[in-house]
Amino acid sequence: MAYTKYKQKISTITLPTPFLVGPVNVYLIEGNEALTLVDTGPRTEEGWELLCNELLERGYTTKDIEQIILTHHHPDHVGLIDRFENAKITGHPKLKPWLEKNESFLNQTINYLMNLYKSHGMNERMIEHIYNLNMSYLQFTCKAKVDHPVRSGDEVPGLKGWKVIETPGHAQTQIMILNEEEQKAISGDHLIKHISSNAIIEAPYSGQEERSKSLLQYRESLLMLKNYPIKVSYSGHGDPIADISALVDERVQEQNLRAGHIKELMGNDALTCDQITQLLFPKVYKKQPELTFSETLGHLDLLVSTGQAETEQKAGTIFYKAY
Ligand SMILES: [Zn+2]
């Protein structure tokens, strides 16, 4: 293939984030058609300075970056894109309203989630707390547009030999890029070595009537990884992963165990997702209300989809019962 004439090099730049997840990895790909950055880190001055210095050490200024590929829309990955004035942005089509900060999309999203929390039994104070957290995350993002929307099977523009694979679950915008000849992938937060990725619940996007069942999607996207010849996968956080198949099995097994644990906690009672979240995460519930809720609701979706639990509505509130 033509691209083998390039001497492609992938290097990792690790940047600090103000989030609980810790530092984020940004990847620089040299020696292919376009000088490419995969993700940028959150919008902090500390991160920006470090990123500029790391690029300088490799002989580049930010003006030299020709394209940025975004693995997904989360603030710790997209915050600095507008500072690369010559870079074209590539990512999932669903990135568009996030990057454009489309007001009606953001309002609909937040309203949907607030109603979802309420219908699953969360109290008003906690809902307001999550609302404020979400608003505060916006300061770590910027406004930009997607130049190249890409879907599964598409060639990555500017990167010969790389193709896109959609891996929804952690985010609805999550993609992985894969170089089959070199058996390398850059997978964003789809699979992380030292922690399990949260399959975050999102509101429906335009054209969708219901929210995606993100944990069910996530499991499908995880198992799909086994179909590809990947020797090393570079993640958004932590070290590269060599044994993908074993880690996928470990993650799926952890989810099965957690679903079983939730069933035990529920006993014979009809409980709301909020009540189950507090039982499951007594210590971190207040610190990470959004993530713990997503984690619980995802596993409840799993129990319902496998016929191990059912829902019932009482006066607008949804309860779960195991069997
Ligand atoms: Zn993420």
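Residues numbered from 1 in each chain as written. Predicted model: local features only at pLDDT ≥ 70, side-chain atom pairs only at ≥ 80, totals over all residues. Heavy atoms only, no water.

What follows covers the coordination of the zinc ion. A four-donor tetrahedral metal ideally has 109.5 degree angles, and a six-donor octahedral metal ideally has angles of 90 or 180 degrees. Those donors, H72 (NE2), H74 (ND1), H170 (NE2) and D189 (OD), are the protein atoms that reach the zinc ion, and they lie 2.2 to 2.4 Å from it. Look at where the donors of the zinc ion fall in the sequence and you get H-x1-H-x95-H-x18-D. With a gap of 115 residues between them, H74 in the loop between β4 (67–69) and α2 (75–78) and D189 in the loop between β9 (184–188) and α6 (214–224) connect regions that are remote in the sequence. For the pair H74 and D189, one class covers both residues: buried. (Donors = N, O, S within 2.8 Å, 3.2 Å for Na, K, Ca; no water. Helix = DSSP H or I, 4+ residues; strand = E, 2+ residues; numbered from the N terminus. Buried < 20%, exposed > 50% of the residue type's maximum accessible area, 1.4 Å probe, protein only.)

What follows concerns the pattern of salt bridges. Tallied over the full model, the rule gives 15 salt bridges. The partner of K118 in a salt bridge is E124, with the nearest N and O atoms 3.9 Å apart. For E124, a relative accessible area of 51% translates into the label exposed. Among the ionic pairs, D301 bridges to R211, the shortest N-O distance being 2.9 Å. (Salt bridge = Lys/Arg side-chain N within 4 Å of Asp/Glu carboxyl O.)

A few words on the sheet that holds strand β7 (residues 162–166). In spatial order, the strands read β7-β8-β9-β10; together these four strands make up an open sheet with mixed pairing. Edge positions in the open sheet fall to β7 and β10 (232–235), since each of these has one partner strand only. Strand-to-strand, the axes of this sheet are offset by a mean angle of 25 degrees, without reference to chain direction. With three bridges connecting them, strand β8 (residues 175–179) and β9 associate as antiparallel partners. Its bridge partner being in β9, N179 is matched across the sheet by K184. (Pairing = 2+ DSSP bridges. Axes fitted to C-alpha atoms, helices over the stretch in contact; angles between N-to-C directions.)

Attention now goes to the pairing of strand β11 (residues 309–314). With six bridges joining them, β11 and strand β12 (residues 317–322) adopt antiparallel strand pairing. Following the sheet pairing, K314 is matched in β12 by T317. The antiparallel hairpin formed by β11 and β12 contains two residues in its connecting segment, where A315 sits at a positive phi of about 50 degrees.

Their axes nearest at 7 Å, the elements α6 and helix α9 (residues 289–305) cross at an angle of 80 degrees. Taken together, the axis directions place α6 and α9 in an arrangement best described as roughly perpendicular. Two secondary-structure elements touch here, α6 through L215, L216 and R219 and α9 through G298, H299, D301, L302 and S305. Here the residues of the contact of α6 with α9 sort into three nonpolar, three polar and two charged. (Parallel < 35°, antiparallel > 145°, perpendicular 65-115°, else oblique. Contact = heavy atoms within 4.5 Å. Nonpolar A, V, L, I, M, F, W, Y, C, P; charged D, E, K, R; others polar.)

In this section: the nonpolar core. Y117, M122, L191, M266, L300 and Y320 are the most contacted members of the largest nonpolar core, which totals 44 residues. When residues of this core are traced back to their parent elements, those giving at least two are α4 (103–119), α5 (124–137), β8, α6, α7 (244–266), α8 (273–280), α9 and β12. It is α7 that contributes the most residues to this core, seven residues altogether. Both domains that furnish three or more residues to this core are identified here as domain 1 (2–99 + 142–242) and domain 2 (103–137 + 261–322). Apart from the residues lying within four places of it in its own chain, the contact partners of L300 are I262, M266, C273, I276 and Y320. (Core = buried A, V, L, I, M, F, W, Y, C linked by side-chain atoms within 4.5 Å. Domains from an automatic or database assignment.)

Attention now moves to α6. Among the residues of α6, those classed as buried are S214, L215, Q217, Y218, R219, S221 and L222. Close packing links the buried residues of α6 with α7 and α9.

Here we come to the sheet that holds strand β1 (residues 9–15). Paired through backbone hydrogen bonds, the strands of a sheet run either parallel or antiparallel to each other. In spatial order, the strands read β1-β2-β3-β4-β5-β6; together these six strands make up an open sheet with mixed pairing. Two strands close off the open sheet at either side, each with one partner strand: β1 and β6 (148–149). In the sheet, strand β2 (residues 24–30) pairs with strand β3 (residues 36–38) via three bridges, with the strands oriented antiparallel. Note on β3: the bridge partner recorded for L28 is L37. Against the sheet, helix α1 (residues 45–57) touches β1, β2 and β3, its axis set at about 150 degrees to β1.

Quoted interface sizes are often the accessible area lost when the parts come together. Examined at the domain level, the protein chain breaks down into domain 1 (2–99 + 142–242) and domain 2 (103–137 + 261–322). The gap between the C-alpha centroids of domain 1 and domain 2 is 28 Å. Residue-level contacts link 18 residues of domain 1 with 18 residues of domain 2. With both chains or domains summed, domain 1 and domain 2 bury close to 1,700 Å², and 72% of this area falls on carbon and sulfur atoms. Its largest share of buried area at the contact with domain 2, domain 1 owes to I201, R211 and L215, together 30% of the area lost on that side. Per element, the largest residue contribution to the side of domain 1 that touches domain 2 is three residues, and it comes from α6. Looking at the side of domain 1 that touches domain 2 residue by residue, the class counts come to 13 nonpolar, one polar and four charged. (Buried area = accessible area lost by both parts, 1.4 Å probe.)

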